[in-house]
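Chains, contacts and geometry: an overview
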Amino acid sequence: MKCATIAIIGRPSAGKSTLLNTICEMKVSITAATPQTTRNAIRGIYTDPRGQLIFTDTPGYHLSDKTMNKRLQQTAIRTLEDSDVVLYLIDAKRTAGEEELAIVQALAKVKSPVVSCINKSDILTIGEHDAAKAFLAEHLPESVVMTASAKLDEGVDEILIELFKLAPEGELLYPTDAYTDQPVEFRISEMIREKAINLVTEEIPHAIYVTVEDIEHNKETNTIWVRAAIIVERETQKGIVVGKGGANIKKIRQGCTPEIRAIFPGKKLQLDLRVKAQDKWRNNAAILDRILR
Ligand SMILES: Nc1nc2c(ncn2[C@@H]2O[C@H](COP(=O)(O)OP(=O)(O)OP(=O)(O)O)[C@@H](O)[C@H]2O)c(=O)[nH]1
Ligand SMILES: [Mg+2]
């Protein structure tokens, strides 16, 4: 049996979370077109007769001095250092700049083998693909290079073959039907955040966090009550998240209700969603400690 921990690393929006969900055939990690969607080290587990691959999705590696961004960078680096194998994702739609260089420099310091994957093959031109190949040949000459579309599930089986080749022998660490280890409150807050950030633009996705305040099971009515708050940074952003006549809140609720229900099969769900403003929360160490775990 093989068993390995795999860190998924790459710039924001490279498709790391999409790839993890494709591999696990499950919504393990939320995704969005806006960069810096993932804020935590998120585990997704894949098991088949070859063994078990324990993936950790990480926040997109983004060079910035802002308090929160630095914490996200640290999460990515810590995960990198703790893994048996690194899966490095490149979005070749964007030219490799300073940020991509910072990643390969970090990867060069890590002892674990690196599998590189040029993602978004469904939309890449030959020129873009070749440029990414040349970049990898120059900066990570020892890494295996794969090409895939995480979105269309193309080339993903080949990535698994490479990862199993590099995985050490070992006993499975999780039951064969496990696909994540995230606490329920966290999963629900992420489901709500995903729907919220996909409805707003510009700076607002970054200004949102979600907190699940309470989950209560009413046995008499067979109902799960979830009370959650969507937090933004300014009063003016509250109205945008709520939408005209509550239109956006309605969409957020409709979007995440089936996903939350799936966590509690056979139970009714009451979802109480509020929107609040909390000034400059992204610089508040206590809040960051709580939400960035
Ligand atoms: N066309 C295409 N789009 C993709 C592919 N993989 C991901 N995307 C899109 O790229 C965007 C970002 O995907 P995510 O999976 O959230 O990217 P990420 O690397 O996890 O981003 P962060 O969490 O911000 O670091 C989303 O709009 C995805 O639908 C792909 O293979 N092809
Ligand atoms: Mg992500």
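In what follows, the structure referred to is the one given above.
Before going into details, it helps to say that this report is about the structure given with it. (Residues numbered from 1 in each chain as written. Chains lettered and ligands numbered in written order. Predicted model: local features only at pLDDT ≥ 70, side-chain atom pairs only at ≥ 80, totals over all residues. Heavy atoms only, no water.)

1. Quick look at the nonpolar core
Counting 28 residues, the largest nonpolar core has Ile6, Leu19, Leu53, Phe55, Leu87, Ile159 and Leu163 as its most contacted members. Leaving out residues up to four positions away in the same chain, Ile6 has contacts with Leu53, Ile54, Phe55, Thr56, Ser83, Val85, Leu87 and Leu163. Membership of the second largest hydrophobic core comes to 25 residues, among which are Met191, Val212, Cys256 and Leu271. (Core = buried A, V, L, I, M, F, W, Y, C linked by side-chain atoms within 4.5 Å. Buried < 20%, exposed > 50% of the residue type's maximum accessible area, 1.4 Å probe, protein only. Contact = heavy atoms within 4.5 Å.)

2. Brief notes about the pattern of salt bridges
Under the defined criterion, the tally for this structure stands at 20 salt bridges. In this structure, the salt-bridge partner of Arg193 is Glu190, at a minimum N-O distance of 3.0 Å. In this pair, Arg193 and Glu190 both sit in helix 6 (residues 184-197), three residues apart, roughly one turn of the helix. The exposure class assigned to Glu190 is buried, which follows from its relative accessible area of 7%. Arg227 is the partner of Glu216 in a salt bridge, and the nearest nitrogen-oxygen pair spans 3.8 Å. Linking Glu216 in strand 7 (residues 209-218) with Arg227 in strand 8 (residues 223-232), this pair joins segments that are eleven residues apart in sequence. A relative accessible area of 38% places Glu216 in the partly exposed class. (Salt bridge = Lys/Arg side-chain N within 4 Å of Asp/Glu carboxyl O. Helix = DSSP H or I, 4+ residues; strand = E, 2+ residues; numbered from the N terminus.)

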